[in-house]
Amino acid sequence: MRISINLIKDMKQKGEKITMLTAYDYTTAKIIDEAGIPLILVGDSLGNVVLGYESTIPVTMADMLHHTKAVARGSRKAMVIGDLPFMTYHISSEDALRNSARFIQEGNAQAVKLEGGVNVADKVRKIVDCGIPVMGHIGLTPQSINQLGGFKVQGKSLEAARKLIDDAKALEEAGAFAVVLETVPAPLATFISQSINIPTIGIGAGAGCDGQVQVVSDILGLFTDFVPRHAKQYARIADIMSNAITEYYNDVKAGSFPTDKQSFSMDESIIAELERR
Ligand code: KIV
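Computed from a prediction, not measured in an experiment: that's the story for all the values here.

Some points on the overall build of the protein chain
Thought 1: In terms of helices and strands, the protein chain carries 12 helices and 8 strands.
Thought 2: Here the C-alpha coordinates of the protein chain stretch approximately 85 × 40 × 35 Å along the principal axes.
Thought 3: For the protein chain, the proportion of contacts with a sequence separation of at least 24, taken over those separated by at least 6, is 59%.
Thought 4: Accessible area for the protein chain stands at about 14,900 Å²; split by element, carbon and sulfur atoms hold 55% of it.
Thought 5: One way to put it: in the protein chain the 28 positive side-chain charges average out to a point 5 Å from where the 32 negative ones average out.

Below, the structure written as structure tokens:
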């Protein structure tokens, strides 16, 4: 059995911290799952760290489903959460339901995530009523980057802080099982976490959240265009890959790869026969 939303909600009640990481492929999902991370988000950050776009806006349902299927194949225990891409849930409740259902039915995810608070609460209610668990996402919502005017800390004024609290409560009332708080001042994230009963999962929101999420490519040091302030690099995989690839290049050029160990032999008389003709 995979991790359920009840278990995640229980973790908040018991004061157990919740870990979540993104994944976009089979191999990474397998490693994350085997490490015991209970929540795997197939984030639309796919657009930045896998597809090379400047934002998440160009990401499509087809992109997301392709990668969600791979992550679902690679994991056995974790709950796989599919991130609804830009404009796949805003236009109508029908769109929101159809696209959420595609994540569950075609992508083999167990839940979906969407960005927004009060403005999407009606959609969240409808998706949940159809039996699909929903994770909310407020604060810095990258799909609204053009409206927000850049990657800025959200909720710093009294008015903005009150709006974020209203958004979190609206998501809870609409039936969301958890909510991501992205790039929110730590004291406000703590206040929100104490004001709602569903878990908050922070990214750049301090240690007072009920859990933490990170983009796997950031914590592994695999994505090198920039390192977000909220990320800690636990490894520098890009350097390891670069060294290995350079060594391979040099070996091939020098004729030292492949050796007999990586090659296959055959009966020499066959080659002799070929050479006679
Ligand atoms: O797309 C993503 O990776 C996300 C996380 C940063 C929460 O939304």
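A short note on helix H2 (residues 26–34)
Helical periodicity: at 3.6 residues per turn, an α-helix aligns residues three or four positions apart in one direction.
Thought 1: Within the span of H2, buried status applies to Ala-29, Ile-32 and Asp-33. Along H2, the residues classed as buried sweep out an arc of 100 degrees about the axis, all on the same side. Across H2 from its buried face, at more than 90 degrees, point the exposed residues Thr-27, Ile-31 and Glu-34.
Thought 2: Taking the backbone nitrogen of Thr-27 as reference, a side-chain oxygen 3.1 Å away marks Asp-25 as the first, capping residue of H2.
Thought 3: Backbone geometry just after H2 places Gly-36 at a positive phi near 90 degrees.

Considering the packing of helix H5 (residues 93–105) against helix H6 (residues 121–129)
Thought 1: For the pair H5 and H6, interaxial distance at closest approach is 9 Å and the crossing angle is 45 degrees. In terms of orientation, H5 and H6 fall into the oblique class. Between H5 and H6 the crossing geometry is right-handed. Packed against H5, whose contacting residues are Ser-93, Ala-96, Leu-97 and Ser-100, the element H6 presents Lys-123, Lys-126 and Ile-127 at the interface.

What to know about the packing of helix H8 (residues 158–174) against helix H9 (residues 186–195)
Thought 1: The N-to-C vectors of H8 and H9 enclose an angle of 30 degrees; their axes lie 10 Å apart at closest approach. At the point where H8 passes H9, the crossing takes the right-handed sense. Contacts between H8 and H9 involve Ala-161, Leu-164, Ile-165, Ala-168 and Lys-169 on the former and, on the latter, Leu-188, Phe-191, Ile-192 and Ser-195.
Thought 2: For the contact of H8 with H9, the class distribution of residues is 7 nonpolar, 1 polar and 1 charged.

Some words on the site of the ligand
Thought 1: Neighbouring the ligand are Thr-22, Leu-41, Gly-43, Asp-44, Ser-45, Asp-83, Lys-113, His-137, Val-180, Ile-203 and Val-215.
Thought 2: Take Asp-83: an N or O atom from its side chain is 3.2 Å from an oxygen atom of the ligand.
Thought 3: Coverage of the ligand by the protein chains reaches 95% of its 260 Å² of free accessible surface.
Thought 4: Assessed atom by atom at 2 Å from the grid points, the ligand resides in the largest pocket.
Thought 5: Its residues placed into classes, the shell around the ligand shows 4 nonpolar, 4 polar and 3 charged.

Structural notes on the side chain of Thr-88
Thought 1: Looking at where Thr-88 falls in the secondary structure, it is placed in the loop between strand E3 (79–83) and H5.
Thought 2: Other than its neighbours up to four places away in sequence, Thr-88 contacts Met-61, Asp-95, Ala-96 and Asn-99.

Topic: the pairing of E3
Thought 1: Burial analysis of E3 places 5 of its 5 residues in the buried class, the great majority of the element.
Thought 2: By the alternation rule, side chains of E3 split into Met-79, Ile-81 and Asp-83 and Val-80 and Gly-82, which are all buried.
Thought 3: Pairing of E3 with strand E4 (residues 111–113) involves 3 bridges; the strand directions are parallel. Paired with Gly-82 across the two strands is Val-112, which belongs to E4.
Thought 4: Running through H5, the crossover from E3 to the neighbouring parallel element E4 is right-handed.

Calculation rules
Residues numbered from 1 in each chain as written. Predicted model: local features only at pLDDT ≥ 70, side-chain atom pairs only at ≥ 80, totals over all residues. Heavy atoms only, no water. Helix = DSSP H or I, 4+ residues; strand = E, 2+ residues; numbered from the N terminus. Contact = heavy atoms within 4.5 Å. Areas by Shrake-Rupley, 256 points an atom, 1.4 Å probe, with all protein chains shown as cover. Lys, Arg positive; Asp, Glu negative; His and termini not counted. Charge placed at Lys NZ, Arg CZ, Asp CG, Glu CD. Buried < 20%, exposed > 50% of the residue type's maximum accessible area, 1.4 Å probe, protein only. Arc of directions from axis to C-beta. Polar contact = N/O pair within 3.5 Å; in protein donor to acceptor, adjacent residues only side chain to side chain. Axes fitted to C-alpha atoms, helices over the stretch in contact; angles between N-to-C directions. Parallel < 35°, antiparallel > 145°, perpendicular 65-115°, else oblique. Left-handed = near helix turned anticlockwise from the far one by under 90°. Nonpolar A, V, L, I, M, F, W, Y, C, P; charged D, E, K, R; others polar. Near = heavy atom within 4 Å. 1 Å grid on protein atoms, 1.4 Å probe; cavity = no way out; pocket = protein on both sides within 12 Å on 5 of 7 lines; lining within 4 Å. Sits in = over half its atoms within 2 Å of the grid points. Pairing = 2+ DSSP bridges. Right-handed = clockwise from strand over helix to strand, strands pointing away.

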